[in-house]
Amino acid sequence: MDGLSVDGNHIVIAGGGMVGLSLALLLHEELPGEPIITVVEGRALPAPGGAPSDYHPSFDARSTALSYSTATLYRELGLWTPLLPGLAPINQIHVSRRGRFGSSLLSSEEQGWDALGWVVENPCLGRTLLAAAHECPRITLRCPDRVTDATPAGPGVRVQLTDEELDADLLVIADGADSSLRSKLGFLTQRKSYGQSALIANLAFEKDHGGCAYERFTATGPLALLPLPPSDQAAHRMALVWTLEPAEAAAMEIADDNAFSRALIDAFGYRLGRVERVGDRHSYPLALTEAVEQVRRGCVVLGNAAHALHPVAGQGFNLALRDAAALSQTLVKAVPEGTAVGDTHLLAGYSRDRQRDQAQTIAASDGLPRLFMVNDPLLSLGRDLALSGMDMFPLLRYEFVQQAAGMAALEERHG
Ligand SMILES: Cc1cc2nc3c(=O)[nH]c(=O)nc-3n(C[C@H](O)[C@H](O)[C@H](O)COP(=O)(O)OP(=O)(O)OC[C@H]3O[C@@H](n4cnc5c(N)ncnc54)[C@H](O)[C@@H]3O)c2cc1C
């Protein structure tokens, strides 16, 4: 492969995180016979069957809420059964605001669904994706290695790795929010800092969560607690994502377990009883990063490199997976017609098709925390009424849940 073309199409994916690996599996499944797919990952990935604590930047101590659209795609890829033991279904979502009267309960029963979403710990998702990739004969994993540059070459791209070059028909840039490749190639990007950090930790509570996820809006920002499956050490586990001022997040990251638990109970209340165990804590600075230009001849920007969102609504990965599915479908139509997979018009069409879902999801994840942090009394009344109103009007709740589940966008793909 070095510096030469392979028979058929060759797709190089820069970044073997959650999005890069998922795209590789989608392409392998949906384009039988070809292409050859090379995933280049900068950090050593956990060995197949490695210890659950083998963290990696994409598969670290975080947990991810998988939407209905993601579940549908992973079912199609045959990943759902291996994922099942590590999944906790979300049967209810309780939305509230600290110190205010409004609250709302969304339930899967009301939607007629088996769950509103599922929560998985990132290392578990990573192990499942990696194990599946190792089984695919046309996927090659090159790690640790880095894509350092790319230049147009004929109808495709010459991809520069640390010590050698590859010829690709398409380069997918999926190297994360701080994508060095996106900058190197001069893709126009805009970034807005929220001036906040997300503190994450896995916790065990005294009481069972009963499949309920909590979204609580506090003075500093949203606090989410997502249900996790029981482990050998603890039964009632939950994943915390707590938006705080950066200094407060840094203090909470190193606070002793008692001080941390007291502060958490002060913000969240005693719904789940005492905090019995506190896992590793990490914090992430929050920003909205968007690649204004996401395609070029022979190149597509995907995942956090294309859009990194506020984690409030748990949408970043789910949106990226819908992008990946749409890209795969675009190539499924193009390859039999003999259209080059890096064709400018083809990729521009993909980008146009994704604009609406991306714009709606980004607007929702950007607007929600701001709405709940404004201290205008009229706005406060409005959002409290909106929360209690959601409890009164099933249709409004249905719309909210459909948007969060990403179903409309996925139906467009199938329709
Ligand atoms: C606190 C928090 C909670 C979240 N919760 C949710 C949630 O519940 N639901 C949801 O949908 N989303 C959630 N998200 C968003 C989700 O984590 C991201 O959408 C997802 O991680 C993006 O994956 P990625 O593969 O695009 O990028 P990354 O995970 O950043 O992976 C990029 C990969 O590229 C590699 N790399 C970097 N440079 C190079 C290079 N030059 N060459 C080769 N490889 C390279 C890196 O090593 C890394 O493995 C959350 C985010 C945060 C911060």
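Everything below is about the structure printed above this text.
Our subject in this report is the structure included herewith. (Residues numbered from 1 in each chain as written. Predicted model: local features only at pLDDT ≥ 70, side-chain atom pairs only at ≥ 80, totals over all residues.)

Glancing now at the overall build of the chain. In terms of helices and strands, the chain carries 13 helices and 20 strands. Counting across all 415 residues of the chain, residues that qualify as buried make up 47%. (Helix = DSSP H or I, 4+ residues; strand = E, 2+ residues; numbered from the N terminus. Buried ≥ 20, exposed ≤ 12 C-beta atoms within 10 Å, placed from the backbone.)

Let us now look at the sheet that holds strand 3 (residues 63-66). The three strands are arranged 3-7-4 in an open sheet whose pairing can be described as antiparallel. Because the sheet does not close on itself, it has two edges, and the strands there are strand 3 and strand 4 (87-90). With direction set aside, neighbouring strand axes in the sheet form an average angle of 25 degrees. Of the strands in this sheet, strand 3 and strand 7 (117-121) touch helix 5 (residues 122-134), which is tilted by about 85 degrees from strand 7. (Pairing = 2+ DSSP bridges. Axes fitted to C-alpha atoms, helices over the stretch in contact; angles between N-to-C directions. Contact = placed C-beta atoms within 7 Å.)

Near the ligand there are 36 residues, and of these G15, G17, G176, G303 and G314 occur at the shortest range. Only helix 1 (18-30), strand 3, helix 6 (180-184), strand 13 (189-205) and helix 9 (316-334) provide two or more residues apiece to the shell around the ligand. Sorting elements by how many residues they give to the shell around the ligand places helix 9 first, with four residues. Residue composition of the shell around the ligand, grouped by class: 16 nonpolar, 15 polar and five charged. (Near = placed C-beta within 6 Å. Nonpolar A, V, L, I, M, F, W, Y, C, P; charged D, E, K, R; others polar.)

Attention now moves to the environment of A44. With respect to the helices and strands, the residue A44 is situated in the loop between strand 2 (36-40) and strand 3. A count of 10 C-beta atoms within 10 Å places A44 in the exposed class. Each C-alpha atom, one on A44 and one on R142, is 9.3 Å from the other, the two residues being 98 residues apart in sequence. Dropping the residues within four chain positions of it, A44 is found in contact with C143 and P144.

It is worth spelling out unusual backbone geometry at this point. What is expected of a backbone is that most residues other than glycine have negative phi and most peptide bonds are trans. A cis amide bond links E34 with the next residue in sequence, P35, at an omega value of 10 degrees. As for its placement among the helices and strands, P35 is situated in the loop between helix 1 and strand 2. In the segment running from C143 into P144, the intervening peptide bond is cis, with an omega of -5 degrees.

At their nearest, the axes of helix 2 (residues 68-76) and helix 9 sit 9 Å apart, and the two run at 45 degrees to each other. One way to sum up the angle between helix 2 and helix 9 is to call them oblique. Considering only the axes of helix 2 and helix 9, their crossing is left-handed. Listed contacts from helix 9 to S69, T70 and L73 of helix 2 are N318, L321, R322 and A325. (Parallel < 35°, antiparallel > 145°, perpendicular 65-115°, else oblique. Left-handed = near helix turned anticlockwise from the far one by under 90°.)

Considering the arrangement of structural elements, one finds I362 in helix 10 (residues 344-373). On the neighbour-count criterion, I362 (18 C-beta atoms within 10 Å) is partly exposed. Sequence separation between I362 and L309 is 53 residues, and the spatial gap between their C-alpha atoms is 6.7 Å. Here I362 is in contact with E290, H307 and L309, once residues within four sequence places are set aside.

Let us look at the nonpolar core. Grouped together as the largest cluster of nonpolar side chains are 107 residues, with contacts concentrated most on L171, V172, I173 and L302. Every residue in contact with L171, bar those within four places of it in the chain, is listed here: V12, A14, A150, V157, V159, G298 and C299. (Core = buried A, V, L, I, M, F, W, Y, C linked by C-beta atoms within 7 Å.)

This part covers the sheet that holds strand 11 (residues 165-168). Judged by pairing direction, the sheet is antiparallel, and its three strands sit side by side in the order 9-10-11 without closing on themselves. Bordering the open sheet on either side are strand 9 (147-153) and strand 11, each of which pairs with just one other strand. The mean inter-strand angle of the sheet, taken between neighbouring strand axes irrespective of direction, is 25 degrees. Bridge count for strand 9 against strand 10 (residues 156-161) is six bridges, and the pairing is antiparallel. Residue pairing in the sheet places T151 in a bridge with R158 of strand 10.

Attention now moves to the packing of helix 1 against helix 9. Across the interface, helix 1 lies against helix 9 with an axial gap of 9 Å and an inter-helix angle of 30 degrees. Viewed along their axes, helix 1 and helix 9 adopt a mutual orientation that is roughly parallel. Where helix 1 crosses over helix 9, the two elements pack in a sense that is right-handed. Residues M18, V19, S22, L23, L26, L27 and E30 of helix 1 form the contact with helix 9, whose own contacting residues are F317, A320, L321, A324, A325, S328, L331 and V332. The class makeup of the residues in the contact of helix 1 with helix 9 is twelve nonpolar, two polar and one charged.

Looking along a regular strand, one sees side chains alternate from face to face of the sheet. With 14 bridges joining them, strand 13 and strand 17 (residues 275-291) adopt antiparallel strand pairing. The residue bridging A204 from the neighbouring strand is R277, located in strand 17. Sheet analysis places strand 17 next to strand 20 (residues 307-308), joined by two bridges and oriented antiparallel. Paired with E290 across the bridge in strand 20 is H307.

Attention shifts here to helix 5. For helix 5, which comprises 13 residues, the first-to-last C-alpha distance of 18 Å matches the rise-based estimate of 18 Å (1.5 Å per residue) to within 8%. Along helix 5, eleven of the 13 residues are buried, which leaves the element largely enclosed by surrounding structure. The complete set of buried residues in helix 5 reads N122, P123, C124, L125, G126, R127, T128, L129, L130, A132 and A133. On its buried face, helix 5 sits against helix 1, strand 3, helix 3 (80-83), strand 7 and strand 8 (139-142). (Expected span 1.5 Å × (residues − 1).)

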